[in-house]
Amino acid sequence: MRKINTKTLEDTVYKMALHAGVNLTSSCMRALGEAYEAETNSAAKFALKTICENAEIANAKQMPVCQDTGMAVVMLEIGQDVFLEGKPLHTAINDGVRRAYKDGYFRKSVCDPITRVNTADNTPAAIHTEICNGDKIKITYLPKGFGSENMSRLYMLKPAQGVDGIINSVVETVKLAGSRPCPPVYVGVGIGGSFDTCAYLAKKAITRDIGTHSERADIAEIEKTALEKINALNIGSQGFHGKVTALGVSCEWAPTHIAGLPVAVNIQCHCVRCEKEII
């Protein structure tokens, strides 16, 4: 049994949130650079160049890389041999987020869904926990902007729709979104599970490095085919048309009921900000 004080979690989330607010992931920067080299449409190429320059300035000046500094999504994989002591887990996570958004001068975007009154500190975070083997905690921090979140969709397909139905759902989601999620996008797909778990799987998928593929050959093929079809839509960077509408497609899966085929598609804009730490 290993004791971890939740103040350690708070301080780690604080550090991760500050860094994520001003930095794109290395895989995102690499994918944007590759997209710039591949693009032939002059307007889309200019947009990609501007996106990359913006990211470099944000890093150099330690300023938010996007005006939408996102709703904090925190995923925790907690080893079953960990004993947590100190303040409650969710309190510690939210305290870390609260401090980071204040000290980083990040926009506070969280509000009551009905009254629209802002909570004024960007909490509460969306917190997901999984219990796993070991005596460590893996933390994944994702500040999720809602220009892209609003373009996400969930489908309850019939099993007979199969792989074609999955791919068509992914492509349809991106097509309907058009330029609104600030493409080039990164597409996370959840396949299987239930209504709620497939949405979580889609969110989890966009925490993967862009360019990685599923270990399952059939699902890796879905990723590949969906990406090709999306990039054939000619939406292009910032909607200027061109070869690159998406930087990548990542799929996560879980077993589902014999009567269903849930598919969730979570859209991430070009501003991919994700931090991972193990304590």
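Read on for a plain summary of the structure. Throughout, a residue's number is its position along its own chain's written sequence, starting from 1. pLDDT decides what is reported in this predicted model: residues at 70 or higher carry local features, side-chain atom pairs at 80 or more are listed and counted, and totals for whole chains, interfaces and linings draw on all residues regardless. In computing side-chain values, all of the structure's heavy atoms are included and hydrogens and water are not.

## Topic: the overall build of the protein chain
At step 1: Across its full length, the protein chain carries 8 helices and 10 strands.
At step 2: In terms of overall dimensions, the protein chain is globule-like: its C-alpha atoms have a radius of gyration of 19 Å, near the 19 Å expected for 279 residues.
At step 3: By principal-axis analysis of the C-alpha atoms, the protein chain measures approximately 55 × 50 × 40 Å.
At step 4: Only protein chains enter the accessibility calculation, which uses a 1.4 Å probe; a residue is then buried when its area is under 20% of its type maximum, exposed when over 50%, and partly exposed in between. Per-residue burial for the protein chain yields a buried fraction of 51% across its 279 residues.
At step 5: Residue contacts are defined here by distance: any two heavy atoms, one from each residue, within 4.5 Å place the two residues in contact. Sequence-distant contacts, at least 24 apart, represent 81% of the contacts inside the protein chain between residues at least 6 apart.
At step 6: Element-wise, carbon and sulfur atoms account for 56% of the exposed surface of the protein chain, whose accessible area totals about 13200 Å².
At step 7: Counted charges follow a simple rule, with Lys and Arg positive, Asp and Glu negative, and His plus the chain ends left uncounted. Every charge is mapped to an atom, namely NZ of Lys, CZ of Arg, CG of Asp or CD of Glu. Where the 31 positive side-chain charges of the protein chain centre and where its 30 negative ones centre are 4 Å apart. Per the convention used, a helix needs a DSSP run of H or I reaching at least four residues, while a strand needs a run of E reaching at least two, with both numbered from the N terminus. With C-alpha atoms as the basis for the radius of gyration, the globule rule is written as 2.2 Å multiplied by the number of residues raised to the power 0.38. All accessibility values rest on the Shrake-Rupley procedure with a 1.4 Å probe; residue burial counts only the protein chains present in the view.

## Regarding the side chain of Lys203
At step 1: Mapped onto the elements of the fold, Lys203 is located in helix 7 (residues 195-205).
At step 2: Accessibility expressed as a relative area gives 10% for Lys203, which makes it buried.
At step 3: Contacts of Lys203, omitting those with residues within four sequence positions, involve Val73, Met75, Leu142, Lys144, Glu149 and Asn266.

## Points about helix 3 (residues 42-61)
At step 1: Any helix carries an expected span of 1.5 Å times its number of residues minus one. When the terminal C-alpha atoms of helix 3 are compared, their 28 Å separation across 20 residues agrees well with the 28 Å that a helix rising 1.5 Å per residue should span.
At step 2: Taken as a whole, helix 3 has its buried residues at Ala44, Ala47, Leu48, Ile51, Cys52, Ala55 and Ala58. For helix 3, the angular spread of buried residues about the axis comes to 130°, placing them on one side. Exposed and oriented more than 90 degrees from the buried face of helix 3 are Ser42, Phe46, Ala60 and Lys61.
At step 3: Check the buried side of helix 3 and you find it contacts helix 2 (26-38).
At step 4: The residue sitting at the N-terminus of helix 3 and contributing the capping side-chain oxygen is Asn41; that oxygen lies 3.0 Å from the backbone nitrogen of Ala43.
At step 5: Following helix 3 by one or two positions, Gln62 has its phi on the positive side, about 55°. The arc in question is traced by the directions running from the helix axis to the C-beta atoms. For the purposes of these results, a polar contact is taken to be a pair of N or O atoms within 3.5 Å, where, inside protein, one atom must be able to donate a hydrogen and its partner to accept one; residues adjacent in sequence count only when each atom of the pair is a side-chain atom.

## Brief notes about the packing of helix 1 (residues 6-20) against helix 4 (residues 89-103)
At step 1: Relative to each other, helix 1 and helix 4 sit at 35°, their axes nearing to 8 Å. The handedness of the crossing between helix 1 and helix 4 comes out as right-handed. For the pair helix 1 and helix 4, contact is made by Thr6, Lys7, Leu9, Glu10, Asp11, Val13, Tyr14, Ala17 and Leu18 and by Leu89, Ala92, Ile93, Asp95, Gly96, Val97, Arg99, Ala100 and Asp103, respectively.
At step 2: Residue classes in the contact of helix 1 with helix 4 are distributed as 10 nonpolar, 2 polar and 6 charged. Note on geometry: axes are lines fitted to C-alpha atoms, helical ones only across the stretch in contact, with angles between N-to-C directions running from 0 to 180 degrees. For any pair of crossing helices, the crossing counts as left-handed if the nearer helix is rotated counterclockwise from the farther one by less than a right angle, and right-handed if it is rotated clockwise. Only Asp, Glu, Lys and Arg are considered charged in this grouping, and only Ala, Val, Leu, Ile, Met, Phe, Trp, Tyr, Cys and Pro are considered nonpolar; every other residue, Gly among them, is considered polar.

## Things to note about the environment of Tyr155
At step 1: Relative to the assigned elements, Tyr155 resides in strand 6 (residues 153-157).
At step 2: For Tyr155, a relative accessible area of 11% corresponds to the buried category.
At step 3: Separated by 39 residues in the primary sequence, Tyr155 and Ser194 have C-alpha atoms spaced 11 Å apart.
At step 4: Sequence-distant contacts of Tyr155, that is, excluding residues within four places in its chain, are made with Ser169, Glu172, Thr173, Leu261, Pro262, Val263 and Val265.
At step 5: A distance of 2.9 Å separates the side chain of Tyr155 from the side chain of Arg153, its partner in a polar contact.
At step 6: Engagement of the side chain of Tyr155 in a polar contact is seen with the backbone oxygen of Ser169, the distance being 3.3 Å.

## Here's the deal with the sheet that holds strand 6
At step 1: Note on pairing: two strands pair once DSSP finds at least 2 bridges between them. Pairing within the open sheet is mixed, and its 4 strands lie in the order 6-9-7-8. In this open sheet, the two strands that pair with only one neighbour each are strand 6 and strand 8 (246-254). Geometrically, the sheet is characterised by an average inter-axis angle of 15° between neighbouring strands, direction not taken into account.
At step 2: Both strand 7 (residues 185-192) and strand 8 contribute to a ladder of 8 bridges, which runs parallel. Counterpart to Val189 in the pairing with strand 8 is Cys251.

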